[in-house]
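Reading the structure
What follows is each chain in one-letter form.
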Amino acid sequence: MTPSDVYEERYRPVPKTILVIAVCFLFTAAALLVPLEALTRILTLALFGVGGVVMLVATFSRKVALRVDGTGITLGGSPLRYAATTIHVPWTEVEAVVLWRQQLAKNLPYVGVLRPRDAPPLRGTPTSPAAKLMAGFGYAVSGAPDPRLISTARAVNGWRLDLDRLTTAVHHHAPGVAVRDLR
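Quick look at the structure, then. (Residues numbered from 1 in each chain as written. Predicted model: local features only at pLDDT ≥ 70, side-chain atom pairs only at ≥ 80, totals over all residues. Heavy atoms only, no water.)

Concerning the sheet that holds strand S8 (residues 178-181)
Test applied: Strand pairing requires that DSSP identify at least two bridges connecting the strands. Each helix is a run of DSSP H or I of at least 4 residues and each strand a run of E of at least 2, with the numbering of both proceeding from the N terminus. Lines fitted to C-alpha atoms define the axes here, with helix axes fitted over just the stretch in contact, and angles between the N-to-C directions of these axes take values from 0 to 180 degrees.
Spatially, the 4 strands line up as an open sheet ordered S7-S6-S5-S8, and their pairing is mixed. In the strand order of this sheet, the two ends are held by strand S7 (153-155) and S8, each with one partner. Recorded for the sheet is a direction-independent mean angle of 15° between the axes of neighbouring strands. Summarising the sheet, strand S6 (residues 109-114) and S7 pair through 3 bridges and their orientation is antiparallel. The residue of S7 that forms the bridge with Val111 is Arg154.

Shown next as structure tokens:
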């Protein structure tokens, strides 16, 4: 397999995340310099200080956010539990790659892998009633066009998506798989 056969995006600095990190830094500095009640200071430092550091580490981690290769599609996990939340979907379980925008945050695009209804649960997919309730909540919040996308959806946040390269790689490795852009 040549590098041109693979489409890979990594977490990296993009304008939106740099802006969020800067705002977190400003609020953290203000919490340290401005006279505040103890509880307000603690909550501000916890939210913006810790949140900003987590976002900073994730942004510069260079971990894989999305990879399309001969074996299938890999969707990178969340920064705090990357290995446990990264998933790989083999081509035999891919019906389509779907892109859409979250309805509550119109500027937050998503990418998801549509799998067959009878596909086995992915590694790490919770099956308890509480987990199913949370998946329903995730479906409602994400605005996904199909509930099957929830377990294989990732926000395009902290990385960039190149639709042309994605489409080329998908059609190269799995000519029968559609790329649906519903944004």
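The rest of the description comes next.
Looking at the packing of aromatic side chains
Rules: The pairing test for Phe, Tyr and Trp rings, Trp by its six-membered ring, is centres within 6.5 Å, and the orientation test on the planes gives stacked under 30 degrees, edge-to-face over 60, and tilted for anything in between. Using a 1.4 Å probe on the protein chains alone, a residue whose accessible area is under 20% of its type maximum counts as buried, one over 50% counts as exposed, and one in between counts as partly exposed.
All chains considered together, the criterion is met by 2 aromatic pairs. An angle of 15° between the planes, with centres 4.4 Å apart, marks the rings of Phe27 and Phe48 as stacked. With Phe27 in helix H1 (residues 15-33) and Phe48 in helix H2 (residues 38-59), this residue pair connects regions lying 21 residues apart in the sequence. For Phe27, a relative accessible area of 42% corresponds to the partly exposed category. Taking relative accessible area as the criterion, Phe48 reaches 21% and is therefore assigned partly exposed. Judged by centre distance (5.4 Å) and plane angle (15°), the ring pair of Trp100 and Tyr110 falls under stacked. Taken as a pair, Trp100 in strand S5 (residues 96-101) and Tyr110 in strand S6 lie far apart in primary sequence, 10 residues in all. When sorted by exposure, Trp100 lands in the same class as Tyr110, which is buried.

Scope: geometric values only; no functional claims are made or implied.
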